[in-house]
Amino acid sequence: MLISGRPLMMNSAMDEMNLLHHPPAHHLVMRDIGEEIDLEIGPGEDDPSFTSTPLVVSQEPTSSEEPEEQKALLLVSHTPSEDQDLTKLQQMKRKKKVVKKWREEWAETYKWAYVDMNEGTMRIFCSVCREYGRKHRRNPYGNEGSRNMQMSALEEHNNSLLHKEALRLQMASKDKSLPIVDRPIYIKSLMSKTAGSIVEAVFRRDPHDVEFIQSVQEVVHSLEPVLVKNSQYVHILERLLEPERMIVFRVPWVDDKGEPHVNRGFRVQFSQALGPCRGGLRFHPRMNLSIAKFLGFEQTLKNALSPYKLGGAGGGSDFDPKGKSDNEIMRFCQSFMDELYRYLGPDQDLPAEDMGVGPREMGYLFGQYRRLAGGHFQGNFIGPKIFWSGSSLRTEATGYGLVFFARLLLAEMNKELKGLRCAVSGSGKIAMHVIEKLLSCGAIPITVSDTKGYLLDEDGFDYVKFSVLRDIKAQQRSLRDYLKSYTRARYFEDAKPWNERCDIAFPCASQNEIEQTDALGLVNSGCRILIEGSNMPCRPQAIDILRKGKVLIAPAKSAGAGGVAVGELELNHEYNLMHWSAEDFESKLQEMIKQTYEKSIKEANSYGFPKDSPEALVHGGNISAFLNLAQAMSDQGCV
């Protein structure tokens with residue numbers, strides 16, 4: 001059984017992974033710049049001269065008689081001597097408290113170290129090679145002490161696993177786009193032993209799939225009452241949590257200078273129990289197999305909530321289309337499709353757009369697919385405003401659907417959207433369509449964001465301002481350029497919009513964009529409804545804070561169902577969406593959203609989650625989607 005706040009009891013193989021459940025309890029605590037801390041350091045395994053004195057964090061001040069160069073954070077070691085005085089001196093120095101004034105250039109360094117138990121003793125471990133000892137005692141990236149200390153610290157790494165990593169991580173402190181090495185896993189306590197064992201099994205099998213495990217935990221938490229009431233679903237859920245197939249492949253391509261490159265491609269066809277797979281392709285430098293699995297799992301549940309028989313998939317590549325020419329993107333897409341086309345087809349899997357993949361990329365992908373598949377139009381890919389895609393309504397449907405879902409929730413509270421301040425993150429297709437529909441409903445959107453910060457217009461965007469924003473994004477310019485036209489607006493570097501006063505939040509950027517501090521900011525800023533535009537935008541700790549703050553969360557599985565439904569209608573030749581009027585389109589979309597909402601609330605009430613609970617929509621959506629999948633998997637046998 002999983003217990004919150006304590007290490008997960010596993011075998012020694014699992015213990016070696018050092019995956020931490022509560023990051024704040026294990027990572028070195030980050031202090032304010034300039035604040036003094038005292039740290040008493042224990043021994044290293046590779047130096048027998050040290051005893052097993054444990055690591056202790058203290059708040060007592062250091063003697064002012066210490067030399068200035070010893071006020072850096074380092075681990076002091078001395079060779080033993082037969083002389084008793086030297087022995088006593090050694091013990092004194094071993095326990096001497098060392099003071100470091102944190103400087104901005106080193107503050108990031110200690111995020112790559114963590115503290116954990118080893119044979120009953122607290123140790124400082126290196127996040128790169130997962131070892132501790134003398135060679136990890138000093139800051140390998142440079143100390144604030146003397147030049148000799150800095151050189152010594154680096155020389156100790158010259159022939160170690162950390163030497164090359166030290167250089168790379170130095171660059172990472174300057175380039176925040178690079179991934180952080182150690183990603184702890186936050187495991188929440190579960191009431192049911194059965195549910196706990198299911199999560200533990202996933203954790204054992206895929207311990208490094210952080211995003212996937214996070215997504216599984218949320219769903220299993222919702223399904224606890226279902227598993228207690230119907231034990232037959234336990235084995236079905238265990239099968240569902242393993243993808244039907246995972247395709248990982250290399251993508252070689254040549255840039256405009258003639259230099260070769262290689263990226264990694266992914267496609268996870270998670271489930272076809274309800275029908276052929278549908279799901280997005282994401283091109284982003286941080287894309288990996290864990291994210292592909294998480295996206296496929298979320299899409300499977302989202303599709304299961306729709307009125308259509310659809311399976312779920314996710315995928316993409318760690319290729320970054322930003323800064324690439326059209327020819328470079330075309331060559332990459334063609335190479336990507338050279339491998340993936342074998343697994344696609346109208347009755348098997350059709351990809352859609354996601355982050356980093358728009359009409360241009362989808363056009364190149366489909367062109368190569370058509371050529372490799374024999375020149376025949378075997379169904380359509382899903383994408384807007386391309387001659388082969390049918391309609392341009394899918395991305396509008398996702399963004400508009402989020403606003404319609406918010407309006408539906410407000411109607412249940414006898415309130416309306418008009419005049420409410422709305423904070424929106426992201427500035428991609430979904431975020432822009434959210435702002436567009438908010439304006440038509442009389443709401444006041446006040447923010448958009450990109451990877452470098454967020455733009456705030458306290459007066460709110462109007463149609464003229466929105467036109468300026470749309471032109472900026474179409475020309476791939478920075479949101480800062482908005483300030484040239486509207487000087488009263490402000491742009492905040494390296495920040496998120498969740499501290500701004502708002503009534504409703506629409507996170508539409510990426511997964512895990514809302515941290516604990518962001519959740520506190522939302523609660524304090526007066527936010528009462530959060531509509532998820534991106535998949536899994538909140539970390540588990542943030543969700544806990546939002547629920548305690550009585551913020552109603554509308555999950556992306558339910559709120560984003562409009563895009564799934566309209567995307568499927570685009571592929572159905574019986575529906576000619578091009579001839580739908582705007583009124584017909586919005587009327588159909590609102591009806592789909594209402595059906596999804598009612599199904600979620602009905603299942604939530606059936607399993608003990610009242611309608612007015614902040615958790616009702618999340619749990620109800622997960623339960624409704626799972627029951628649809630479970631019925632199909634049960635009917636089809638052990639699949």
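The chain goes by glutamate dehydrogenase (NADP(+)) in an unreviewed UniProt entry, where it is assigned to Acorus calamus. The UniProt entry for the chain carries the following comment under Sequence similarities (unreviewed entry): "Belongs to the Glu/Leu/Phe/Val dehydrogenases family."

K.L.:
I tried to follow the overall build of the chain on my own but got confused; where do I start?
P.N.:
Along its length, the chain carries 22 helices and 18 strands. Taken over 639 residues, the chain has a buried fraction of 54%. By element, 49% of the accessible surface of the chain is carried by carbon and sulfur atoms, the whole surface being about 29500 Å².

K.L.:
Got a minute to help me understand the environment of Pro540 in this structure?
P.N.:
Residue position: Pro540 is located in helix 18 (residues 540-548). Note on Pro540: relative accessible area 10%, which makes it buried. Pro540 sits 25 residues away from Glu515 along the chain, and the two C-alpha atoms are 8.6 Å apart.

K.L.:
Please clarify how the pairing of strand 9 (residues 311-317) should be interpreted in this entry.
P.N.:
Within a regular strand, the side chains alternate between the two sheet faces. Taken across its seven residues, strand 9 has seven buried, putting it largely inside the fold. Residues Gly311, Ala313, Gly315 and Ser317 line one face of strand 9 and the alternating positions Gly312, Gly314 and Gly316 line the opposite face, and both faces are buried. Alignment of strand 7 (residues 260-271) against strand 9, held across six bridges, turns out to be antiparallel. The residue bridging Arg267 from the neighbouring strand is Gly315, located in strand 9. Of the strand pairs in this sheet, strand 8 (residues 277-283) and strand 9 are connected by five bridges, and their pairing is parallel. Along strand 9, the bridge assignment pairs Arg282 with Gly316.

K.L.:
Is there a simple way to think about the sheet that holds strand 13 (residues 447-450) in this case?
P.N.:
Either a parallel or an antiparallel arrangement is found when strands of a sheet pair, and the pairing is made through backbone hydrogen bonds. With respect to topology, three strands assemble into an open sheet ordered 13-14-15, the strand pairing being antiparallel. At either margin of the open sheet sits one strand with a lone partner, and together these are strand 13 and strand 15 (490-493). Across the sheet, the axes of successive neighbouring strands diverge by a mean angle of 20°, strand direction being ignored. In terms of strand pairing, strand 14 (residues 453-456) meets strand 15 through four bridges, oriented antiparallel. The residue bridging Leu455 from the neighbouring strand is Tyr491, located in strand 15.

K.L.:
In this structure, what is going on with the packing of helix 11 (residues 326-340) against helix 12 (residues 359-372)? I would like to understand it.
P.N.:
Each pair of packed helices can be described by the angle between their axes along with the distance between the axes. The N-to-C vectors of helix 11 and helix 12 enclose an angle of 45°; their axes lie 8 Å apart at closest approach. The orientation of helix 11 relative to helix 12 falls into the category oblique. Once helix 11 is placed against helix 12, the crossing between them reads as right-handed. Facing Asp326, Ile329, Met330, Cys333, Gln334, Phe336, Met337 and Asp338 of helix 11, the residues of helix 12 in contact are Arg360, Glu361, Tyr364, Leu365, Gln368, Tyr369 and Leu372. Taken together, the residues of the contact of helix 11 with helix 12 sort by class into nine nonpolar, two polar and four charged.

K.L.:
What is the right way to look at the sheet that holds strand 12 (residues 444-445) in this model?
P.N.:
Ordered in space as 12-11-16-17-18, the five strands form an open sheet in which the pairing is parallel. Two strands in the sheet have a free side with no partner beyond their single neighbour: strand 12 and strand 18 (552-554). In this structure, strand 11 (residues 421-425) lies alongside strand 16 (residues 504-507), joined through four bridges in parallel fashion. The partner of Ala423 across the bridge, within strand 16, is Ala505.

K.L.:
Sorry, what's going on with the pattern of salt bridges here?
P.N.:
Overall, the coordinates contain 26 salt bridges when judged by the stated rule. The partner of Arg360 in a salt bridge is Asp326, and the shortest N-O contact between them spans 2.8 Å. Within this pair, whereas Arg360 is found in helix 12, its partner Asp326 is found in helix 11, the two being separated by 34 residues in sequence. Under the relative-accessibility criterion, Asp326 is labelled partly exposed at 42%.

K.L.:
What should I look at first to understand the nonpolar core in this one?
P.N.:
A general feature of soluble globular proteins is that nonpolar side chains tend to end up buried together. In this structure, Leu417, Phe506, Ile531 and Phe626 are the most contacted members of the largest nonpolar core, which totals 93 residues. Other than its neighbours up to four places away in sequence, Ile531 contacts Leu402, Ala406, Leu409, Ile504, Ala505, Phe506, Pro507, Ala554 and Ala559. Counting 20 residues, the second-largest nonpolar core is a separate cluster that includes Phe249, Trp253, Leu344 and Phe366.

K.L.:
For this particular structure, what's the right way to read helix 12?
P.N.:
Since the α-helix turns once every 3.6 residues, residues separated by three or four places project in the same direction. Helix length check: helix 12 (14 residues) gives 20 Å between terminal C-alpha atoms against 20 Å at 1.5 Å per residue, within 8%. All buried positions along helix 12 are accounted for by Glu361, Met362, Leu365, Phe366, Gln368 and Tyr369. Buried residues of helix 12 fall within an arc of 165° about the axis and therefore sit on the same side.

K.L.:
Is there a simple way to think about the side chain of His619 in this case?
P.N.:
Within the secondary structure, His619 is located in helix 22 (residues 616-635). A distance of 2.6 Å separates polar atoms of two side chains, one belonging to His619 and the other to Ser222. Here His619 is in contact with His221, Ser222, Arg547 and Phe609, once residues within four sequence places are set aside.

K.L.:
For this particular structure, what's the right way to read helix 9 (residues 233-240)?
P.N.:
Among all positions in helix 9, only Tyr233, Val234, Ile236, Leu237 and Leu240 are buried. Taken around the axis of helix 9, the buried residues stretch over an arc of 165°, which confines them to a single face. On the buried face of helix 9, the contacting elements are helix 7 (193-205), helix 8 (210-229), strand 7 and helix 22.

K.L.:
Help me understand the packing of aromatic side chains, please; the structure alone is not making it clear to me.
P.N.:
The description of an aromatic ring pair rests on the distance of the ring centres and on the angle between the ring planes. For the structure on display, the rule yields 17 aromatic pairs. Here Tyr233 and Phe626 contribute two aromatic rings whose centre-to-centre distance is 5.6 Å and whose plane-to-plane angle is 85°, an arrangement assigned as edge-to-face. In this pair, Tyr233 is assigned in helix 9 and Phe626 in helix 22, connecting sequence segments 393 residues apart. With respect to class, Tyr233 is no different from Phe626; both count as buried. Ring geometry for Phe270 against Phe297: centres 5.4 Å apart, planes inclined by 45°, an arrangement best described as tilted. Taken as a pair, Phe270 in strand 7 and Phe297 in helix 10 (residues 289-305) lie far apart in primary sequence, 27 residues in all. On the basis of relative accessibility, which here comes to 0%, the residue Phe297 falls in the buried class. Connected via pairs of aromatic rings, a cluster forms that spans Phe249, Trp253, Phe283, Phe319, Phe332 and Phe336. Directly above the aromatic system of Phe319 lies the positively charged group of Lys324, at a separation of 5.2 Å from the ring centroid.

What counts and how
- Residues numbered from 1 in each chain as written.
- Predicted model: local features only at pLDDT ≥ 70, side-chain atom pairs only at ≥ 80, totals over all residues.
- Heavy atoms only, no water.
- UniProt positions renumbered as here; feature names shortened; annotations may be inferred.
- Helix = DSSP H or I, 4+ residues; strand = E, 2+ residues; numbered from the N terminus.
- Buried < 20%, exposed > 50% of the residue type's maximum accessible area, 1.4 Å probe, protein only.
- Areas by Shrake-Rupley, 256 points an atom, 1.4 Å probe, with all protein chains shown as cover.
- Pairing = 2+ DSSP bridges.
- Axes fitted to C-alpha atoms, helices over the stretch in contact; angles between N-to-C directions.
- Parallel < 35°, antiparallel > 145°, perpendicular 65-115°, else oblique.
- Left-handed = near helix turned anticlockwise from the far one by under 90°.
- Contact = heavy atoms within 4.5 Å.
- Nonpolar A, V, L, I, M, F, W, Y, C, P; charged D, E, K, R; others polar.
- Salt bridge = Lys/Arg side-chain N within 4 Å of Asp/Glu carboxyl O.
- Core = buried A, V, L, I, M, F, W, Y, C linked by side-chain atoms within 4.5 Å.
- Expected span 1.5 Å × (residues − 1).
- Arc of directions from axis to C-beta.
- Polar contact = N/O pair within 3.5 Å; in protein donor to acceptor, adjacent residues only side chain to side chain.
- Phe/Tyr/Trp six-rings, centres within 6.5 Å; stacked < 30°, edge-to-face > 60°.
- Lys NZ or Arg CZ within 6 Å of the ring centre and 35° of its normal.

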